[in-house]
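Spelled out, the chains give:
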Amino acid sequence: MDVHGICRAGFEPVRDALLANFEKGLEVGASVAVTRDGETMVDLWAGDADPKGTPWAEDTIVNVYSTTKTMAATCVLMLADRGLVDLNAPVADYWPEFKQNGKEGVLVRHIMSHSAGLSGFDPPLASVEELYDWEAICARLAAQTPWWEPGTASGYHAVTQGFLQGEIVRRVTGRSIGTFFREEIAEPLGADFHIGLDPSHDDRVGELIPPEGPPRVPTPEPGSVAARMAEGAAMDATEPQTSPWRRAEIPAAGGIGNARSVARLHTALARSLINIRRCRRRGRGVGGGGGGGVG
């Protein structure tokens, strides 16, 4: 197995672990990246980008599912840092239609912490294609009744969280979350990560291969939040092969990038948090105003 890229001294176990995954048959193609203090220590890629044997290249990108949630959250955090969104304010302050059916008290921080009581769609989606209609999906969520009292418990918002965050971003900035993310975060950082992929990048997208056999996760208890969340149209690894999925902005599950871009974005976020802690220890204010960026 040929492994390409860089691996700094002392990080050889990362390269060994990548190779071991191929030897065990756990990978067909993959990339891995590690940074330390903002400096790249590991940037490796290997294997094939599809079942036809197309080599995984330096610029191969792939759907990364829930890793996208960190990108969507960063958009909201940037708006909070700029004083444009208050994490302790009701979502309805920015999205008035959202206050329907007992959601007047849902705060932005409840959306961010998976505690808004909107873990799934109710009624469930009839088809995956419904995710491609932003206006309709957000109207559904605005009209929905929470499954529990918001803020009192946490339940994974597997797909809904991204739409909830994205509509806040859209109402505040006038831009879709994919556009905001590209213009304010990905392009300034030179990160090859996309929420809503331009067709010009299609030839670089790796093809995910659905796992064989039964699901490897436990079946949730009937009637539980996890079970209700999973009701309705099922998604598998074939959706990211389609143009509608790639073009749609699905901020909790549809992001497309690679390990290098994820590391670059997460490094910027981590360094921002470190700077906030330092400012707090020194008794200085952080955020506010109209400035702020990721860097």
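Structure shown above.
Residues numbered from 1 in each chain as written. Predicted model: local features only at pLDDT ≥ 70, side-chain atom pairs only at ≥ 80, totals over all residues. Heavy atoms only, no water.

**Here we look at the sheet that holds strand 2 (residues 29-36)**
The strand order across the open sheet built from three strands is 1-3-2, with neighbouring strands paired in antiparallel fashion. The open sheet has two free edges, formed respectively by strand 1 (3-7) and strand 2, since each of these has just one partner strand. Geometrically, the sheet is characterised by an average inter-axis angle of 5° between neighbouring strands, direction not taken into account. The pairing of strand 2 with strand 3 (residues 39-47) spans eight bridges and is classified as antiparallel. Within strand 3, the residue paired with Arg36 across the bridge is Glu39. (Pairing = 2+ DSSP bridges. Helix = DSSP H or I, 4+ residues; strand = E, 2+ residues; numbered from the N terminus. Axes fitted to C-alpha atoms, helices over the stretch in contact; angles between N-to-C directions.)

**Observations regarding the packing of helix 2 (residues 68-81) against helix 5 (residues 160-173)**
Two elements in contact, helix 2 and helix 5, have axes whose closest approach is 10 Å; the angle formed by their N-to-C orientations is 30°. The hand of the helix 2/helix 5 crossing is left-handed. Facing helix 2, whose interface residues are Lys69, Ala72, Ala73, Cys75, Val76 and Leu79, helix 5 presents Gln161, Gln165, Val169, Val172 and Thr173. Across the contact of helix 2 with helix 5, the residue classes tally to seven nonpolar, three polar and one charged. (Left-handed = near helix turned anticlockwise from the far one by under 90°. Contact = heavy atoms within 4.5 Å. Nonpolar A, V, L, I, M, F, W, Y, C, P; charged D, E, K, R; others polar.)

**Regarding the environment of Thr160**
If you trace the backbone, Thr160 turns up in helix 5. We classify Thr160 as buried; its relative accessible area is 1%. Along the chain, Thr160 and Leu118 lie 42 residues apart, while their C-alpha atoms are 7.0 Å from each other. Residues contacting Thr160, with those up to four places away along its chain left out, are Leu118, Ser119, Gly120, Phe121 and Leu141. Polar side-chain contacts of Thr160 include one of 2.6 Å to the backbone oxygen of Leu118. (Buried < 20%, exposed > 50% of the residue type's maximum accessible area, 1.4 Å probe, protein only. Polar contact = N/O pair within 3.5 Å; in protein donor to acceptor, adjacent residues only side chain to side chain.)

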